[in-house]
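# Coordinates in review
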Amino acid sequence: MYTGRFAPSPTGLLHIGSLLTAVASYADARSNGGKWLVRMEDLDPPRAMPGAASHILHTLEAFGFEWDGEVAYQSRRYALYEETLCRLQTAGLVYPCHCSRKDWQAGARRGADGFVYNGRCRHPGQRPALQGKQPAWRIRVPDRVIGFSDGIVGGYAQNLARDIGDFVLLRADGYWAYQLAVVADDAEQGVTHIVRGQDLLVSTPRQIYLQQCLGVPTPQYAHLPLLTNAQGQKWSKQTLAPALDLNRREQLLRQVFRYLNLPEAPETDRPAELLDWAVIHWDMDKVPKHAITAP
């Protein structure tokens, strides 16, 4: 059975880009007769905005969204991540890393998503002996191509060794890395389809490799076009995207429908009816493949 999810981060409030992702993931799930889960990605509690999680849920309800089951909070799922890391440790696929970011980035080359780790701690004999310092944990990546067919973008691939390098699963400060948490969560929740923004396309080969290491299914992916401002920047909390105005729910939903190439919906003052319209008329093949400028 189709199981999709929407996974906001409570570091801020929902904005127009968040609404586009919510509508697309919801419409794709419901049009396929599937479940739609909500997961709060609050991996780093100090970065969370007080009250943001409850505000996000209230906003989703106000826009007519209905999710299946209870909301999952990553901050309450650390035992799952610990068990996942232990499995990788037992298989000999990960290693402790004592490098500071300053040390390993010195002279490192850039790859597909920042600097490529130089492998300083990959071999036991080369690891610095640092007493009392907690290590990060990295996974060894293969020198081979990891690729997949995206439902919107098409074919996408990376050579992890060349483009990414051994990446962190548990940070030295004790916080879990997004790559491990999202794979563990999706597997445990039975997620089969992931509809999310193209800013996360670059992370997908890492997640597929982790899925392969853990022997869990790889979901089908569809990466939505990003909404950008007049300066070409992605609408986000960092670029001061305004929070969704609950007094303009109908207008904002119609705005998102236009971005997703959905047909004009009939007049209504009930957001849930507009979402039903989106479900009935949903067509992934009509979603634009490239970024959209949003006022």
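Scoring rules and cut-offs
Residues numbered from 1 in each chain as written. Predicted model: local features only at pLDDT ≥ 70, side-chain atom pairs only at ≥ 80, totals over all residues. Heavy atoms only, no water. Buried < 20%, exposed > 50% of the residue type's maximum accessible area, 1.4 Å probe, protein only. Helix = DSSP H or I, 4+ residues; strand = E, 2+ residues; numbered from the N terminus. Contact = heavy atoms within 4.5 Å. Salt bridge = Lys/Arg side-chain N within 4 Å of Asp/Glu carboxyl O. Phe/Tyr/Trp six-rings, centres within 6.5 Å; stacked < 30°, edge-to-face > 60°. Pairing = 2+ DSSP bridges. Axes fitted to C-alpha atoms, helices over the stretch in contact; angles between N-to-C directions. UniProt positions renumbered as here; feature names shortened; annotations may be inferred. Parallel < 35°, antiparallel > 145°, perpendicular 65-115°, else oblique. Left-handed = near helix turned anticlockwise from the far one by under 90°. Nonpolar A, V, L, I, M, F, W, Y, C, P; charged D, E, K, R; others polar. Polar contact = N/O pair within 3.5 Å; in protein donor to acceptor, adjacent residues only side chain to side chain.

To continue, consider helix H8 (residues 249-259). Of all the residues in H8, the buried ones are Leu-252, Leu-253, Arg-254, Gln-255, Val-256, Phe-257 and Tyr-259. Here the buried face of H8 lies against helix H1 (16-31), strand E13 (227-228), helix H9 (271-280) and strand E14 (292-293). Positive backbone phi, at 60°, marks Asn-261, one or two positions downstream of H8.

With that out of the way, let us pick up the pattern of salt bridges. Note that side chains of opposite charge can pair when their charged atoms are close. Per the counting criterion, the structure on display carries 17 salt bridges. Two residues, Arg-77 and Asp-185, come together in a salt bridge whose shortest N-O distance is 2.6 Å. Here Asp-185 lies in helix H6 (residues 178-189) and Arg-77 lies in the loop between strand E3 (72-73) and helix H3 (78-90), a separation of 108 residues in the sequence. A relative accessible area of 0% means that Asp-185 is categorised as buried. Arg-206 is the salt-bridge partner of Asp-113, the closest N and O atoms lying 2.7 Å from each other.

Turning next to the packing of aromatic side chains. Counted under the stated rule, the structure contains nine aromatic pairs. Consider the rings of Phe-6 and Trp-36, whose centres lie 6.1 Å apart with planes at 15°: the pair is stacked. Separated by 30 residues along the polypeptide, Phe-6 in strand E1 (residues 3-6) and Trp-36 in strand E2 (residues 35-40) bring together distant segments of the chain. Residue Phe-6 shares its accessibility class with Trp-36, and that shared class is buried.

Here we take up the sheet that holds E3. The sheet built from three strands is open, its strands ordered E1-E2-E3 with parallel pairing. Where the open sheet ends on each side, the last strands, each with one partner, are E1 and E3. Across two bridges, E2 lies against E3 in parallel orientation. Each residue of the ladder has a partner; that of Met-40, found in E3, is Tyr-73. In this fold helix H2 (residues 52-62) packs onto E1, E2 and E3, with an angle of close to 155° to the strand it touches most, E2.

Let us look at the UniProt feature "short sequence motif: 'HIGH' region" (unreviewed entry) in the chain. When the UniProt feature table is mapped onto this chain numbering, "short sequence motif: 'HIGH' region" (unreviewed entry) sits at residues 8-18. In residues 8-18, helix accounts for 27% and strand for 0%; the two terminal C-alpha atoms are 8 Å from one another.

Before going further, it helps to examine the pairing of strand E4 (residues 94-97). Alternating residues of E4 divide into Val-94 and Pro-96 and Tyr-95 and Cys-97, and every residue in both groups is buried. In this structure, E4 lies alongside strand E7 (residues 136-139), joined through four bridges in antiparallel fashion. Residue Val-94 lies in a different strand from E7, and its bridge partner there is Ile-139.

One open sheet accounts for three strands, arranged E4-E7-E10; its pairing is antiparallel. Bordering the open sheet on either side are E4 and strand E10 (167-170), each of which pairs with just one other strand. When the angles between neighbouring strand axes are averaged without regard to direction, this sheet yields 45°. When E7 meets E10, the two strands line up antiparallel, connected through three bridges. Bridge pairing in E10 links Trp-137 to Leu-170.

The subject of this paragraph is the packing of H1 against H8. Following both chains from N to C, one finds H1 and H8 inclined at 70°, their axes separated by 10 Å at the closest point. Considering the angle they form, H1 stands roughly perpendicular to H8. By crossing handedness, the relation of H1 to H8 is classed as right-handed. Contacts from Ile-16, Leu-19, Leu-20 and Val-23 in H1 reach Leu-252, Leu-253, Gln-255, Val-256, Phe-257 and Tyr-259 in H8. Class assignment of the residues belonging to the contact of H1 with H8 gives a composition of nine nonpolar, one polar and no charged.

You can see Arg-196 is positioned in strand E11 (residues 193-197). Side chain to side chain, Arg-196 and His-223 meet in a polar contact 3.0 Å long. Residues contacting Arg-196, with those up to four places away along its chain left out, are Arg-5, Thr-21, Tyr-178, Thr-204, Gln-207, Tyr-221, Ala-222, His-223 and Leu-224.

Moving on, we come to unusual backbone geometry. You will see that Asn-261, though not glycine, has its phi angle at about 60°, which is positive. Considering the arrangement of structural elements, one finds Asn-261 in the loop between H8 and H9.

This part takes up the environment of Asp-245. Checked against the element boundaries, Asp-245 lands in the loop between E13 and H8. Once the C-alpha coordinates of Asp-245 and Leu-210 are considered, the two residues, 35 residues apart in sequence, prove to be 38 Å apart. Within the structure, the side chain of Asp-245 is placed 2.9 Å from the backbone nitrogen of Asn-247, a separation counted as a polar contact.

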